[in-house]
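Understanding the architecture of this molecule
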Amino acid sequence: MKSLFLYPLLKAFGCCLALVSSLAWANLTFENAHVRLLPPNVKNTAAFVSITNTGQEGICLVKAWGDKSQTVEFHDHIMQNDMMKMVHVPRVHIAAGETVTLQSGSLHLMLLNLTEKLKLGDSVTFTLEDDTEKRYTFSATVEKVQSSVSHGHKHHHH
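The rules we used
- Residues numbered from 1 in each chain as written.
- Predicted model: local features only at pLDDT ≥ 70, side-chain atom pairs only at ≥ 80, totals over all residues.
- Heavy atoms only, no water.
- Core = buried A, V, L, I, M, F, W, Y, C linked by side-chain atoms within 4.5 Å.
- Buried < 20%, exposed > 50% of the residue type's maximum accessible area, 1.4 Å probe, protein only.
- Helix = DSSP H or I, 4+ residues; strand = E, 2+ residues; numbered from the N terminus.
- Contact = heavy atoms within 4.5 Å.
- Salt bridge = Lys/Arg side-chain N within 4 Å of Asp/Glu carboxyl O.
- Pairing = 2+ DSSP bridges.
- Phe/Tyr/Trp six-rings, centres within 6.5 Å; stacked < 30°, edge-to-face > 60°.

**A short note on the nonpolar core**
The nonpolar side chains of a soluble globular protein tend to be buried with one another. One finds L61, F74, L109 and F126 to be the most contacted residues of the largest nonpolar core, which totals 28 residues. The dominant element in this core, judged by the number of residues it contributes, is strand β10 (residues 135-143), at four residues. If we skip the residues at most four places from it in the chain, L61 touches L28, I51, F74, P90, R91, V92, I94, L128, E129, D130 and Y136.

Here it is as structure tokens:
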């Protein structure tokens, strides 16, 4: 009689362990997170971060939120008709053991319709969601960010 009672309990416990261990395989770490400081009247800005998948399986990010803007989207730059154009990217895949760097002039997070004026040193909290609805949260500091676009200026110091 005891074995009839324990079997479903042990089976349920085993399923829980399997679920916990599968979640442990999918994890992201965030480094060098920062948000571009722009003039107070600008309603959109960008965030940059290096995201490393420390898990054993790929992770596909499909949604993003931030606490200082109405919308956060993944964006990238593409060359179209000899012009650089920024486009919305619906998903960002990070392979197991790989790092994807969101940076100026490339893949990045766009904060659209800021809900408050950002000041140097402010903190912005982001939440990213993958295609299994697992959420990852990190914070980024508002900083002055140099553009990756070269303006052709050369400075000589004598």
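From this point, the discussion proceeds with the structure in view.
**Looking at the pattern of salt bridges**
Under the criterion given, the structure shown has four salt bridges. Its salt-bridge partner being K68, residue D67 comes within 3.6 Å of it at the nearest N-O pair. Between K119 and D122 there is a salt bridge; the shortest N-O distance is 3.9 Å. Owing to a relative accessible area of 52%, K119 belongs among the exposed residues under this scheme. The class for D122 is buried, based on a relative accessible area of 18%. Among the charged side chains, a network of salt bridges with common partners joins K63, E129 and R135.

**Describing the pairing of strand β4 (residues 69-80)**
Here six bridges tie β4 to strand β8 (residues 108-114), and the two strands are oriented antiparallel to one another. The partner of S69 across the bridge, within β8, is L114. Counting the residues that bridge the hairpin from β4 to strand β5 (residues 83-89) gives two residues, and of these N81 lies at a positive phi of roughly 55 degrees.

**A short note on unusual backbone geometry**
In this structure, N113 takes a positive phi of about 60 degrees despite not being glycine. With a phi angle near 70 degrees, E133 is a residue other than glycine that sits in the positive phi range. With respect to the helices, strands and loops of the structure, E133 is situated in the loop between β9 (123-130) and β10. For E133, a relative accessible area of 62% gives the class exposed.

**Some remarks on the environment of A96**
Turning to its location among the elements, A96 is positioned in the loop between β6 (92-94) and β7 (99-102). Residue A96 is classed as partly exposed on the basis of its relative accessible area of 34%. Distance in space between the C-alpha atoms of A96 and G55 is 5.6 Å, their sequence separation being 41 residues. Ignoring any residue separated from it by four or fewer positions in sequence, one finds A96 in contact with N53, G55, Q56, E57 and G58.

**Some thoughts on the packing of aromatic side chains**
By the definition in use, this model includes two aromatic pairs. Summarising the aromatic geometry, the rings of F30 and F138 are spaced 4.4 Å apart at their centres and angled 15 degrees between planes, so their arrangement reads as stacked. Within this pair, whereas F30 is found in strand β1 (residues 28-36), its partner F138 is found in strand β10, the two being separated by 108 residues in sequence. The buried category is assigned to F138, whose relative accessible area is 7%. Here F126 and F138 contribute two aromatic rings whose centre-to-centre distance is 5.2 Å and whose plane-to-plane angle is 20 degrees, an arrangement assigned as stacked. Taken as a pair, F126 in strand β9 and F138 in strand β10 lie far apart in primary sequence, 12 residues in all. Here the aromatic cluster, defined as three or more aromatic residues joined through ring pairs, consists of F30, F126 and F138.

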